[in-house]
Amino acid sequence: MTNQELFESIQMGHKEKKVLSLSKKLVKKCSFNGCEDEALKLCEITHEVEFPGKGVWNVWDRILLMWGLEVQIYKNRNMTEKADELIR
């Protein structure tokens, strides 16, 4: 699945205007091809962030999304042990 197909599937699965708007912007502005190593380095920065507790979901949601990206990159590289470790 290409990035464009991914964002289009997100758009089809959600009705929220903000999700649709952000997905459309990502299709236009983002290309993650060839940037996997850089993405992994950015994700690793967040590994030591402690859960802040109630009421601070704005930041924590983004960190969880980054971790999901990291897991996906490892799975695409057939590094399932590393991906499973992050999931745990």
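As a reminder, the structure under discussion sits directly above these lines.
Note that the coordinates shown come from a computational prediction; the quantities given were computed from them, not determined experimentally.

Enquirer: How should I be thinking about the overall build of the protein in this particular structure?
Expert: The secondary structure content of the protein amounts to five helices and zero strands. Listing every helix and strand of the protein by position from the N terminus yields α-α-α-α-α. In the protein, which comprises 88 residues, the share counted as buried stands at 17%. Summarising the internal contacts of the protein: among those between residues at least 6 apart in sequence, 34% fall at separations of at least 24. Of the roughly 7300 Å² that the protein leaves accessible, carbon and sulfur atoms contribute 56%.

Enquirer: Hey, could you run me through the nonpolar core in this one?
Expert: Where a protein is soluble and globular, its nonpolar side chains tend to be buried together. In this structure, A39, L40, V71, I73, Y74 and A83 together form the largest nonpolar core, which totals six residues. Tallying contributions element by element places helix α4 (residues 57–76) first for this core, with three residues.

Enquirer: Hey, could you run me through helix α3 (residues 36–45) in this one?
Expert: Each turn of an α-helix holds 3.6 residues, which means side chains three or four residues apart point in the same direction. The complete set of buried residues in α3 reads A39, L40 and C43. Mapping the buried residues of α3 onto a view down its axis gives an arc of 100 degrees, with all of them on the same face. Away from the buried face of α3 by more than 90 degrees, exposed residues K41, L42 and I45 are located.

Reading the values: the criteria
- Residues numbered from 1 in each chain as written.
- Predicted model: local features only at pLDDT ≥ 70, side-chain atom pairs only at ≥ 80, totals over all residues.
- Heavy atoms only, no water.
- Helix = DSSP H or I, 4+ residues; strand = E, 2+ residues; numbered from the N terminus.
- Buried < 20%, exposed > 50% of the residue type's maximum accessible area, 1.4 Å probe, protein only.
- Contact = heavy atoms within 4.5 Å.
- Areas by Shrake-Rupley, 256 points an atom, 1.4 Å probe, with all protein chains shown as cover.
- Core = buried A, V, L, I, M, F, W, Y, C linked by side-chain atoms within 4.5 Å.
- Arc of directions from axis to C-beta.

Everything listed here is a matter of geometry and, on its own, says nothing about what the molecule does.
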